Amino acid sequence: MKTAIATVSISGTLTEKLEAIAAAGFDGIEIFEQDFITDIGSARDVGNRIRDQGLEISLFQPFRDFEGLPEELRVKAFDRAERKFDLMQDLGADLVLVCSSVHPKALGGIDRAADDLRELGERAAARGLRIGYEALAWGRHVNDHRDAWEIVRRADHDSVGIILDSFHTLGRGLDPESIRRIPGDKIFFVQMADAPKIDMDLLYWSRHFRNMPGEGDLPVTDFMRAVLAAGYTGPVSLEIFNDQFRGGSPNTIARDGYRSLMALLDDVRRQEPDVPAPLPVMPARQRIDGTSFIEFATRGADGDQLRAQLTALGFAQTGKHMAKAVTLWQQGDIRIVVNEEEGDFAGTAYNMHGTSVCDVGLAVSSASETLERAKALGARGFTQQPALGQLDIPAIRGLGGSLLHVLDDSHASVWTREFGAEPKGPKGAGLQAVDHIAQTLTYDEMLSWSLFYGTLFDMEKSPMVDVIDPDGLVRSQALSTPEGRFRITLNGAETHRTLAGAFLADSFGAPVQHIAFTTEDIFASAEALASAGFDPLPIPGNYYDDLASRFDIPSEKLARMKTLQILYDAEDGQEFFQSYSRPFQGGIFFEIVQRASGYRGYGAPNAPFRIAAQKRLAPAKGMPRI
Ligand code: MG
Ligand code: MG
């Protein structure tokens, strides 16, 4: 099945757009007329440049305010159409999108519109061109794909078909099931867009907030299922108007688009197996069974400090790599790899970000299938094996230059073979596993990352949460596997004055700001850590007074929480306890959590107090090096 994307969906000059679209793997483009007009090349030149990139022009758009006009304006509309047909022939485009009219003088009437389209189809056919009619959600008389289809049906011309746009149907809350009754060969083109659920004017919503399928809240899979079940086999295209994307990197947006389309088509193939369209075949979204390891890049005195911090948290060095300056630190099922090599991936990461997480290893159902799916979704593989050098462990480049290794049962021997270590670590302070990894990024990158995880792995998104920092807002989006074996929080900073923003600026984009470990008994763990010299993040007494007013916590328990600096949250009787380390080296910190009876959140109500406490420890600029 061919894929395309509208040139309006991404930023840059036409040349930059074409290069990014071709590199991402698309077969064609919808050329938005404005992108042609702003270019200095002639229509023939532009058409040739598009084809030189290996792309076809799947659609020319838009042709507006055509149907239902009174006679004088009608004649002019046909003249206008003839001139656009000239242009299309020079470009080498054979299909034009005619969107339903918003002209104030347009007259209603299905037969009147059908007559206009039939005549336009006749004129187009004389030049070997075709007409696709699309119902805009805010069209003056036609705003529903069912009406657009009735007009196309009555126009009854081989060169006139319907164009379906998921936003115009789903944005109005129309049931996509009705699409199944349209003959597939009368659907000339399909445009896909998702959008977050926001209650606002349709036109404004559409022009500014569309996003890639899977990034929003519309039932785009149901829409695509209906389209393909109708027998449609033409191109599937993305038409995304989004303020963020207009200012984003053309390559990132194009790659995200390709990833979202491939994942969507794969979902449809699984749910609607008998469609005639040839759909991409790839392994299913992969199950994550947990975090296999977290690897830090560090060096010298910074490395000493990291090791001291790990020791204070109850970790023990359990192994040393057979060939590299890399040590393994364990506690329960947690593995921290400390990499001090200078020349490799970790060395580069340290030079760039200082002490930072350079690699995360995920335990997955099948490492090779994960890699295969990642490649089908357009991700790049990575060949150098950073710390774990001898076994062939597949790695995927995440976003922002980070790395994800995926390990399955076939890699179980790596810790013994390469580090001389046991699979399970000592009990330490009772920390058992990685609960979540918190990643800091700019707000603009959030959709990319959540799409990355959500399309590759079996993960669910939680609703986005606003976290109040004393100096700005941070938006937090969590993704979790169904059983919570792997959780990630994406914290999008809009200003460098927030804790997350300062970390991002000072570390030049280091991906991970904090790591949370689970314990079954946070009181026992906190006491064990305190006696080993661990210095938790101090939380003000006011916080505990407020807790006493909000929750029914026995006073003795509350007093222990206050002594041990443990924070608390509860939802529907499910309790959550958390405590934090002090930030070190540019702002990295650790968290300890206890989830009781299925609590699924991250203690978001506590985040403002935690951030304020961390900032109190920080000097005016950046975080302290303790
Ligand atoms: Mg459209
Ligand atoms: Mg956290």
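Residues numbered from 1 in each chain as written. Chains lettered and ligands numbered in written order. Predicted model: local features only at pLDDT ≥ 70, side-chain atom pairs only at ≥ 80, totals over all residues. Heavy atoms only, no water.

(A) Inspection of the layout of surface pockets at higher detail. Of the voids in this model, the largest pocket is the one considered here, and its volume is about 740 Å³. Asp289, Gly290, Thr291, Asp333 and Ala363 are the residues nearest the centre of the largest pocket, which is lined by 30 residues in total. At the level of secondary structure, the elements contributing two or more residues to the lining of the largest pocket comprise strand S9 (288-297), strand S13 (356-364), strand S17 (431-442), strand S22 (512-519) and strand S25 (589-595). When grouped by side-chain class, the residues that make up the lining of the largest pocket number 9 nonpolar, 10 polar and 11 charged. Two domains each provide a minimum of three residues to the lining of the largest pocket, namely domain 2 (288-419) and domain 3 (431-617). (1 Å grid on protein atoms, 1.4 Å probe; cavity = no way out; pocket = protein on both sides within 12 Å on 5 of 7 lines; lining within 4 Å. Points joined across faces, edges and corners; volume = space filled by probe spheres on them. Helix = DSSP H or I, 4+ residues; strand = E, 2+ residues; numbered from the N terminus. Nonpolar A, V, L, I, M, F, W, Y, C, P; charged D, E, K, R; others polar. Domains from an automatic or database assignment.)

(B) Structural detail: the packing of helix H3 (residues 43-52) against helix H4 (residues 71-91). For the pair H3 and H4, the least separation of the axes is 7 Å and the interaxial angle reads 45 degrees. By the criterion of interaxial angle, the relationship of H3 to H4 is oblique. Considering only the axes of H3 and H4, their crossing is right-handed. Note on element contacts: H4 touches H3 through Leu87, Asp90 and Leu91, opposite Ala43, Arg44, Val46, Gly47 and Arg51. Residues belonging to the contact of H3 with H4 are distributed by class as follows: 4 nonpolar, 1 polar and 3 charged. (Axes fitted to C-alpha atoms, helices over the stretch in contact; angles between N-to-C directions. Parallel < 35°, antiparallel > 145°, perpendicular 65-115°, else oblique. Left-handed = near helix turned anticlockwise from the far one by under 90°. Contact = heavy atoms within 4.5 Å.)

(C) Seen up close, the nonpolar core. By size, the foremost hydrophobic cluster in this structure holds 167 residues, and its most contacted members are Leu228, Ile336, Tyr453, Phe457, Phe517 and Met561. Per element, the largest residue contribution to this core is 9 residues, and it comes from helix H11 (residues 250-271). The contact partners of Met561, leaving out residues within four places of it in the chain, are Phe523, Tyr544, Leu547, Ile553, Ile566, Tyr568 and Phe577. In terms of nonpolar packing, the next biggest core, distinct from the first, is built from 10 residues, Leu328, Trp415, Phe419 and Ala421 among them. (Core = buried A, V, L, I, M, F, W, Y, C linked by side-chain atoms within 4.5 Å. Buried < 20%, exposed > 50% of the residue type's maximum accessible area, 1.4 Å probe, protein only.)

(D) Structural detail: the pattern of salt bridges. Tallied over the full model, the rule gives 40 salt bridges. With a shortest N-O distance of 3.1 Å, Arg123 and Glu119 are connected by a salt bridge. Of the two residues, Arg123 and Glu119 both sit in helix H5 (residues 110-125), 4 residues apart, roughly one turn of that helix. The class of Arg123 is partly exposed, set by a relative accessible area of 26%. With relative accessibility at 30%, the residue Glu119 sits in the partly exposed group. The partner of Arg146 in a salt bridge is Asp144, and the shortest N-O contact between them spans 2.7 Å. According to the relative accessible area criterion, Arg146 is partly exposed, its value standing at 41%. (Salt bridge = Lys/Arg side-chain N within 4 Å of Asp/Glu carboxyl O.)

(E) Broad picture of the sheet that holds strand S4 (residues 95-99). Taken in spatial order, the 8 strands of this closed barrel run S1-S2-S3-S4-S5-S6-S7-S8, and their pairing is parallel. Between one strand axis and the next, the sheet turns through 30 degrees on average, direction left out of account. Here strand S1 (residues 3-6) pairs with strand S2 (residues 28-32) via 3 bridges, running parallel. Among the inter-strand pairings, Ala4 is bridged to a residue of S2, identified as Gly28. Contacting S2, strand S3 (56-63), S4 and strand S5 (130-134), H4 runs over the sheet at an angle of about 160 degrees to S3. (Pairing = 2+ DSSP bridges.)

(F) Fine view of the pairing of S3. Across the 8 residues that make up S3, a large majority, 7, are buried. Here 5 bridges tie S2 to S3, and the two strands are oriented parallel to one another. Bridge assignment links Gly28 to a residue of S3, and that residue is Glu56. For S3 and S4, the ladder comprises 2 bridges, and the chain directions are parallel.

(G) Layout of H11. With 22 residues, H11 extends 32 Å from end C-alpha to end C-alpha; this agrees with the ideal 32 Å at 1.5 Å per step. Among the 22 residues of H11, 16 are classified as buried, and the element is accordingly described as predominantly covered. (Expected span 1.5 Å × (residues − 1).)

(H) View of the packing of helix H9 (residues 220-229) against H11. Two elements in contact, H9 and H11, have axes separated by 9 Å at closest approach and are oriented at 65 degrees. H9 and H11 meet at a crossing whose hand is right-handed. Every residue of H11 that contacts H9 at Val220, Thr221, Met224, Arg225 and Leu228 is listed here: Leu264, Leu265, Asp267, Val268 and Gln271. Tallied by class, the residues present in the contact of H9 with H11 amount to 6 nonpolar, 2 polar and 2 charged.

(I) Fine view of the coordination of the magnesium ion (ligand 1). The coordination sphere of the magnesium ion (ligand 1) contains the protein donors Glu134 (OE), Asp165 (OD), Gln191 (OE1) and Glu239 (OE), at a distance range of 2.1 to 2.3 Å. Read in sequence order, the donor residues coordinating the magnesium ion (ligand 1) give the pattern E-x30-D-x25-Q-x47-E. Taken together, the residues Glu134 in strand S5 and Gln191 in strand S7 (residues 187-192) connect sequence positions 57 residues apart. Under the relative-accessibility criterion, Glu134 is labelled buried at 2%. Gln191 gets classed as buried once you look at its relative accessible area, which sits at 0%. (Donors = N, O, S within 2.8 Å, 3.2 Å for Na, K, Ca; no water.)

(J) The packing of aromatic side chains, seen in detail. One pass over the full model with this rule turns up 23 aromatic pairs. Centre to centre, the rings of Phe26 and Tyr258 are 5.6 Å apart; their planes meet at 85 degrees, and the pair counts as edge-to-face. On the criterion of sequence distance, the pair formed by Phe26 in the loop between helix H1 (14-24) and S2 and Tyr258 in helix H11 is long-range, its members being 232 residues apart. Ring-pair connections join several aromatic residues into one group, and the members of that group are Phe296, Phe315, Phe517, Phe584 and Phe590. Against the face of Phe188 rests Arg130, its NZ or CZ located 4.8 Å from the ring centre. (Phe/Tyr/Trp six-rings, centres within 6.5 Å; stacked < 30°, edge-to-face > 60°. Lys NZ or Arg CZ within 6 Å of the ring centre and 35° of its normal.)

(K) Here's a closer look at the domain arrangement of the protein. Taken as a whole, the protein is organised into domain 1 (3-271), domain 2 (288-419) and domain 3 (431-617). One C-alpha centre belongs to domain 2, the other to domain 3; they are set 23 Å apart. Each partner contributes residues to the interface: domain 2 has 40 residues there, and domain 3 has 33 residues. Counting the surface lost from both domain 2 and domain 3, the interface buries some 3,100 Å², and carbon and sulfur atoms represent 73% of this. (Buried area = accessible area lost by both parts, 1.4 Å probe.)

(L) Focus on the pairing of S17. By the criterion of burial, S17 is predominantly enclosed, with 9 of the 12 residues buried. With 6 bridges connecting them, S17 and strand S21 (residues 487-493) associate as parallel partners. Its bridge partner lying in S21, Ala438 is registered against Thr489.

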